[in-house]
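Observations on the model geometry
Residues per chain are reported as follows:
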Amino acid sequence: MNEKKFTAWCGLCCIDCIPSNKDLFNLAHKLEEKLSYLQFDEYAKLKAEKNPAFEDYPVFIKVLKEIKSLKCSMPCREGGGKPVCEIRNCVQDKGYLGCWECGDRRSCTKLDYLRSVHPSLDYHLDLIGKYGPENWISKRGIHYRWQKESAEKTKS
Ligand code: SF4
Ligand code: SF4
């Protein structure tokens, strides 16, 4: 695996991001197509006469479309990621490969939001600093905060 390719400017591992999950987006696309083919909206109206949960079918479709819109087709380093990202801009302006090369990283408030969602971010940046973006992924920690919370609950 080309690890550097999947090492985002901020130190996230693109492989672990939900927006890069091809299976998820293929399934969402297929589900939307199948529901449309079946005219499930009409069926939901019928079902809603006896089961009020089906009244929310349009909301479900709205959320399904929003899920599809999260898709990130390529790693951040290759042009994926958020269309506008102050972290990526900052790293590129400074001529770094990523935040792990930055002496101001510990006090950088630009990373605060990511830190709140990705509790391993600083651990990852330390790993990348130590092993390089080509050789850290096998040592990485948990990606999302809820995954960490679930793992801690399982342990206790
Ligand atoms: S878009 Fe920004 S926050 Fe997202 S992975 Fe790329 S550098 Fe990180
Ligand atoms: S100041 Fe440093 S740590 Fe913060 S976003 Fe810019 S390069 Fe990354």
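These numbers were taken from a predicted model, which means no experiment stands behind them. Residues take numbers from 1 onward in each chain, read along the sequence in its written order. All chains are assigned letters beginning with A, and all ligands numbers beginning with 1, in the order in which they are written. Totals for whole chains, interfaces and linings use all residues, but because this is a predicted model, local features are given only for residues with pLDDT of at least 70 and pairs of side-chain atoms are given and counted only at 80 or more. The basis for the side-chain values is all heavy atoms of the structure; hydrogens and waters are excluded.

1. Describing the nonpolar core
L12, I87 and L111 are the most contacted members of the largest nonpolar core, which has 24 residues in total. Elements with a contribution of two residues or more to this core: α4 (86–94), α5 (112–117) and α6 (121–131). Residue contacts are defined here by distance: any two heavy atoms, one from each residue, within 4.5 Å place the two residues in contact. Leaving out residues up to four positions away in the same chain, L12 has contacts with F6, T7, C17, L114, H118, L121, W136 and H143. Formed by six residues, the second largest nonpolar core is a distinct cluster that contains L35, A44, Y57 and L64. In plain words, nonpolar cores are sets of buried Ala, Val, Leu, Ile, Met, Phe, Trp, Tyr and Cys residues tied together by side-chain atoms within 4.5 Å. Buried means the residue's accessible area, taken with a 1.4 Å probe over protein chains only, is under 20% of the maximum for its type, while exposed means over 50%, and partly exposed covers the values in between. In DSSP terms, a helix is any run of H or I states spanning at least four residues, a strand is any run of E spanning at least two, and both are numbered starting from the N terminus.

2. Topic: the packing of aromatic side chains
Pairing of aromatic rings covers Phe, Tyr and Trp, the last through its six-membered ring, and needs centres within 6.5 Å; plane angles under 30 degrees mean stacked, over 60 mean edge-to-face, and all others mean tilted. Tallied over the entire structure, the rule returns four aromatic pairs. With centroids separated by 6.1 Å and ring planes inclined at 40 degrees, the aromatic side chains of Y57 and F60 adopt a geometry described as tilted. With Y57 and F60 both in helix α3 (residues 57–69) and three residues apart, the pair spans about one turn of that helix. Given a relative accessible area of 10%, Y57 falls into the buried group. You can call F60 partly exposed: its relative accessible area is 39%. Ring geometry for Y144 versus W146: centroids 4.5 Å apart, planes at 10 degrees, classification stacked. The class of W146 is partly exposed, set by a relative accessible area of 40%. Grouped by ring-pair contacts, the aromatic residues F40, Y43, Y57 and F60 constitute a single cluster.

3. Points about the domain arrangement of the protein chain
Domain start and end points were adopted from an automatic or database domain assignment. By the assigned domains, the protein chain splits into domain 1 (1–14 + 76–156) and domain 2 (18–71). Look at where the C-alpha atoms of domain 1 and domain 2 centre, and you get two points 32 Å apart.

4. Focus: the site of ligand 1
Surrounding ligand 1, one finds A8, W9, C10, C76, G81, K82, C85, R88 and L114. In terms of residue class, the shell around ligand 1 is built from six nonpolar, one polar and two charged. Residues are labelled near a given molecule or strand when at least one of their non-hydrogen atoms is within 4 Å of it. Basically, the charged four are Asp, Glu, Lys and Arg, the nonpolar ten are Ala, Val, Leu, Ile, Met, Phe, Trp, Tyr, Cys and Pro, and anything else, Gly included, counts as polar.

5. Topic: helix α1 (residues 22–37)
Multiplying one less than the number of residues by 1.5 Å gives the expected span of a helix. Its 16 residues give α1 an end-to-end C-alpha distance of 22 Å, which sits within 8% of 22 Å, the value for a rise of 1.5 Å per residue. For α1, the secondary structure elements touched by its buried residues are α2 (40–48) and α3. Two N or O atoms count as a polar contact when they lie within 3.5 Å, although within protein this holds only if one can serve as hydrogen donor and the other as acceptor, and sequence-adjacent residues are included solely when both atoms are side-chain atoms. You can read the cap of α1 off the contacts: a side-chain oxygen lies 3.3 Å from the backbone nitrogen of D23, and it is on N21.

6. Looking at unusual backbone geometry
What you tend to see is this: most non-glycine residues have negative phi, and most peptide bonds are trans. One non-glycine residue, Q39, lies in the positive phi region at around 50 degrees. Note on placement: Q39 falls in the loop between α1 and α2.

7. Some thoughts on the side chain of E32
Structurally, E32 is set in helix α1. Side-chain polar atoms of E32 contact the side chain of K65, separated by 2.5 Å.

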